[in-house]
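Residue-level structural notes
Each chain is listed here by its residues.
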Amino acid sequence: MANTAQARKRVRQAEKSRQRNASQRSMMRTMVKRVFAALATGDKTAAEAAYKEAVPVLDHMARKGLIHKNKAARYKSRFNAQVRALA
C-alpha cells in the first residue's frame, strides 16, 4: 500500500480514471458494434445513422487518448467505405 499522502492520492486518481476509461471504452465498442450490425443487415439508412453516431465518439476517444488517432481514422475510413458500398 502507498505510504505517502501523494502516493495515496495517486492511487485514488488512478482508480477513478481507470473506471472512467473502462466506461468510455465500453461505450465506444458498443457504437462500433452497432455500425457492424447495421452494415450486416444491409440497410443503408440504418448504417449511415449508426456511422454518424459513432464518428464523434471515436473522435472523442482519440482526442482523450483512449485509442490512437490512427485507429479512429482507420475505423471511420473503413466504415465509410462500407456504408457507401451499400446499394
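Scroll up for the structure.
This text gives an overview of the structure that appears in the document. Computed from a prediction, not measured in an experiment: that's the story for all the values here.

Parameters at a glance
- Residues numbered from 1 in each chain as written.
- Predicted model: local features only at pLDDT ≥ 70, side-chain atom pairs only at ≥ 80, totals over all residues.
- Heavy atoms only, no water.
- Patch = residues over 30% accessible without salt bridge, like charges linked within 9 Å, V, L, I, M, F, W, Y side chains within 5 Å.
- Areas by Shrake-Rupley, 256 points an atom, 1.4 Å probe, with all protein chains shown as cover.
- Salt bridge = Lys/Arg side-chain N within 4 Å of Asp/Glu carboxyl O.
- Lys, Arg positive; Asp, Glu negative; His and termini not counted.
- Charge placed at Lys NZ, Arg CZ, Asp CG, Glu CD.
- Helix = DSSP H or I, 4+ residues; strand = E, 2+ residues; numbered from the N terminus.
- Buried < 20%, exposed > 50% of the residue type's maximum accessible area, 1.4 Å probe, protein only.
- Axes fitted to C-alpha atoms, helices over the stretch in contact; angles between N-to-C directions.
- Parallel < 35°, antiparallel > 145°, perpendicular 65-115°, else oblique.
- Left-handed = near helix turned anticlockwise from the far one by under 90°.
- Contact = heavy atoms within 4.5 Å.
- Nonpolar A, V, L, I, M, F, W, Y, C, P; charged D, E, K, R; others polar.
- Expected span 1.5 Å × (residues − 1).

1. Some points on a positive patch on the surface
- Residues Arg8, Lys9, Arg10, Arg12, Lys16, Arg20, Arg63 and Lys64 make up a contiguous surface patch of positive charge.
- Put simply, the parts of the chain that give the positive patch at least two residues each are α1 (5–41) and α2 (44–64).
- A per-element tally of the positive patch places α1 first, with six residues.
- Its location among the elements puts Arg10 in helix α1.
- Classification of Arg10 by relative accessible area gives exposed; the value is 52%.

2. Concerning the packing of α1 against helix α3 (residues 69–85)
- Here α1 crosses α3 at 20 degrees, and the two axes come no closer than 11 Å. When the axes of α1 and α3 are compared, the pair comes out roughly parallel. Remark: the crossing between α1 and α3 carries left-handed chirality. Where α1 approaches α3, its residues Val32, Val35, Phe36 and Leu39 are matched on the opposing element by Tyr75, Phe79, Gln82 and Val83.
- Classifying every residue of the contact of α1 with α3 by side-chain character gives seven nonpolar, one polar and no charged.

3. Quick word on α2
- Compared with the 30 Å implied by 1.5 Å per residue over 21 residues, the 30 Å span of α2 between its first and last C-alpha is a close match.
- Inspection of α2 places Ala47, Ala50, Tyr51, Ala54, Val55, Val57, Leu58, Met61 and Ala62 among the buried residues, and these make up the whole buried set.
- On the buried face of α2, the contacting elements are α1 and α3.
- At the exit of α2 stands Gly65, carrying a positive phi of roughly 90 degrees.

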